[in-house]
Amino acid sequence: MCPDVFEAIKNAVQSLVDDEPKSPLHVGEVMSCWLFLALCAETQVQTEAGMNSTTDPELRKALHEAVEMFKAQKEKLTTFLRSEGVPLPPTSESKPISDPNSVPLGVKLTDNELANSLRKKITMAITNCSAGSAQTIRTDVGIMWGKFLQEHITFLTTHKSLMRKRGWFKAPPPYHPPGSPNTGR
């Protein structure tokens, strides 16, 4: 029997408005949030550096959107962890805006490298959001993970379209099981 989605949503909303005190975070919830905060902060800084390395307007837009997404998630997690009394991970400082044409070629990443690096980081974030969601007991934490997960999946879907359009998307070769007709797709 499948779980009733509407019943689950009703129960989740009800638990948020109940006057019952929230249980303290358990060690798995703390660890997931702490690690994800570190991931958000470092990815934000690395993506800012990427914005300083490209002149491609569509890639710059995607990198900027990713920076804003990670920055917002970092702020949400920082506020949440502070309210729960959890020490924050050390993080790097934001990068200043600089001229992409001033970056030496031996240091500058290609647009292909920047796009694929961001794709890997978003994929890692999706994995971490899913794991954090699976570990959580508290509804408010589960809802936060669900929101983060939705944001990353939505971003990645759009980003993959840009990567395919530009020929940057790296995919493994097609698999044809032994004995199946190879239709040349």
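For clarity, every value in this text was computed on a predicted model and none was experimentally measured.

The rules behind these values
- Residues numbered from 1 in each chain as written.
- Predicted model: local features only at pLDDT ≥ 70, side-chain atom pairs only at ≥ 80, totals over all residues.
- Heavy atoms only, no water.
- pLDDT = per-residue confidence, 0-100.
- Helix = DSSP H or I, 4+ residues; strand = E, 2+ residues; numbered from the N terminus.
- Buried < 20%, exposed > 50% of the residue type's maximum accessible area, 1.4 Å probe, protein only.
- Contact = heavy atoms within 4.5 Å.
- Phe/Tyr/Trp six-rings, centres within 6.5 Å; stacked < 30°, edge-to-face > 60°.
- Lys NZ or Arg CZ within 6 Å of the ring centre and 35° of its normal.
- Expected span 1.5 Å × (residues − 1).
- Polar contact = N/O pair within 3.5 Å; in protein donor to acceptor, adjacent residues only side chain to side chain.

Undergrad: Where do I start with the confidence of the model for the protein in this structure?
TA: The predicted coordinates should not be examined in detail at positions where pLDDT is low. For the protein, the average pLDDT comes to 90, and 88% of its residues sit at 70 or higher. Per-element confidence in the protein is highest for helix α3 (residues 57-83), whose mean pLDDT is 97, and lowest for helix α1 (residues 5-17), whose mean pLDDT is 63.

Undergrad: Please explain the side chain of Thr54 as it appears in this structure.
TA: When you line up the elements, Thr54 lands in the loop between α2 (27-51) and α3. For Thr54, a relative accessible area of 1% gives the class buried. Excluding its chain neighbours within four sequence positions, the residues that come into contact with Thr54 are Leu59, Arg60, Leu63, Pro100, Asp111 and Leu114.

Undergrad: I would appreciate a short explanation of the packing of aromatic side chains in the present structure.
TA: Two descriptors summarise a pair of aromatic rings, namely the distance from one centre to the other and the angle between the planes of the rings. Evaluation of the coordinates by the stated rule reveals three aromatic pairs. Against the face of Phe169 rests Arg164, its NZ or CZ located 4.5 Å from the ring centre.

Undergrad: Even after reading the chapter, I still don't get α3, so can you show me in this structure?
TA: The α-helix advances 3.6 residues per turn, and as a result positions three or four apart in sequence lie on the same side. With 27 residues, α3 extends 39 Å between its outermost C-alpha atoms, agreeing within 8% with the 39 Å of an ideal straight helix rising 1.5 Å per residue. Listed in full, the buried residues belonging to α3 are Leu59, Ala62, Leu63, Ala66, Val67, Met69, Phe70, Gln73, Leu77, Thr78, Phe80 and Leu81. For α3, the N-terminal cap is Asp56; the gap from its side-chain oxygen to the backbone nitrogen of Glu58 is 3.0 Å. One or two steps after α3, the chain reaches Gly85, where phi turns positive at roughly 80 degrees.

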